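Examination of the molecular architecture
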Amino acid sequence: QVQLVESGGGLVQAGGSLRLSCAASGSIFSINRMGWYRQAPGKQRELVAAITSGGSTNYGDSVKGRFTISRDNAKNAVYLQMNSLKPDDTAVYYCYLRIFSVEYWGQGTQVTVSS
């Protein structure tokens, strides 16, 4: 069974930075895609950033230039460096792992940005 454990959320002032981490454990095929989605109250879940095991990345339009996704394949871990945070970034951030067509999700970590 695959498990994802997130860490690094919290409360930060606008303009500040946070770094989220997510570690996957279990039977993980080496070719996969990992990333982050977020969901704010009353809004749909949206893609924040994703990265393949080969290092290709893509970002949601609202975070381009401010957030950076990276991963450590040896640790099956993915990271999200969030800079220049805005109140609109407030949401629960979910880590995900996709192996072929199967997706696994973490429990989510709250990020709150105060103005």
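First, a word on what this report is: a plain description of the structure on this page. Predicted, not measured: the structure shown is a model, and the values here were computed from it.

For the protein chain, the helix and strand inventory stands at 0 helices and 11 strands. When its helices and strands are written in sequence order, the protein chain yields β-β-β-β-β-β-β-β-β-β-β. Taken against the 2.2 N^0.38 rule, which gives 13 Å for 115 residues, the C-alpha radius of gyration of the protein chain at 13 Å falls within 12% of a compact globule. C-alpha atoms of the protein chain, sized along the principal axes, occupy 40 × 25 × 20 Å. Here the protein chain holds 115 residues, and 40% of them are scored as buried. Relative to all contacts within the protein chain whose residues are 6 or more apart in sequence, the contacts with residues 24 or more apart total 53%. If you sum the accessible surface of the protein chain, you get close to 6100 Å²; carbon and sulfur atoms cover 47% of it.

Take the pattern of salt bridges next. Summed over all chains, the structure comprises 5 salt bridges. Residue Asp61 is joined to Lys64 by a salt bridge in which the shortest nitrogen-to-oxygen separation is 3.1 Å. In this structure, Asp61 and Lys64 share a single accessibility class: exposed. Note that Asp89 is salt-bridged to Arg66, the shortest N-O span being 2.8 Å. Highlighted residues: Asp89 in the loop between β8 (77-82) and β9 (91-99) and Arg66 in the loop between β6 (57-59) and β7 (67-72), separated in sequence by 23 residues. For the pair formed by Asp89 and Arg66, the shared burial category is buried. Where salt bridges share partners, they join Arg38, Glu46, Arg66 and Asp89 into one cluster.

This part is about a nonpolar patch on the surface. A cluster of nonpolar residues, Phe29, Ile31 and Phe100, forms a patch on the protein surface that exposes about 350 Å² of accessible area. Relative to the helices and strands, Ile31 is located in the loop between β3 (18-25) and β4 (33-39). The exposed category is assigned to Ile31, whose relative accessible area is 55%.

The next point concerns the pairing of β7. The alternating pattern of β7 places Phe67, Ile69 and Arg71 on a buried face, while none of Thr68, Ser70 and Asp72, on the opposite face, is buried. Strand direction decides the pairing type here: β7 and β8, joined by 6 bridges, are antiparallel. Within the sheet, the bridge partner assigned to Asp72 lies in β8 and is Ala77. Counted between consecutive antiparallel strands, the loop separating β7 from β8 contains 4 residues, among which Asn76 sits at a positive phi close to 50°.

Cut-off values and rules
- Residues numbered from 1 in each chain as written.
- Predicted model: local features only at pLDDT ≥ 70, side-chain atom pairs only at ≥ 80, totals over all residues.
- Heavy atoms only, no water.
- Helix = DSSP H or I, 4+ residues; strand = E, 2+ residues; numbered from the N terminus.
- Rg over C-alpha atoms; globule rule 2.2 N^0.38 Å.
- Buried < 20%, exposed > 50% of the residue type's maximum accessible area, 1.4 Å probe, protein only.
- Contact = heavy atoms within 4.5 Å.
- Areas by Shrake-Rupley, 256 points an atom, 1.4 Å probe, with all protein chains shown as cover.
- Salt bridge = Lys/Arg side-chain N within 4 Å of Asp/Glu carboxyl O.
- Patch = residues over 30% accessible without salt bridge, like charges linked within 9 Å, V, L, I, M, F, W, Y side chains within 5 Å.
- Pairing = 2+ DSSP bridges.

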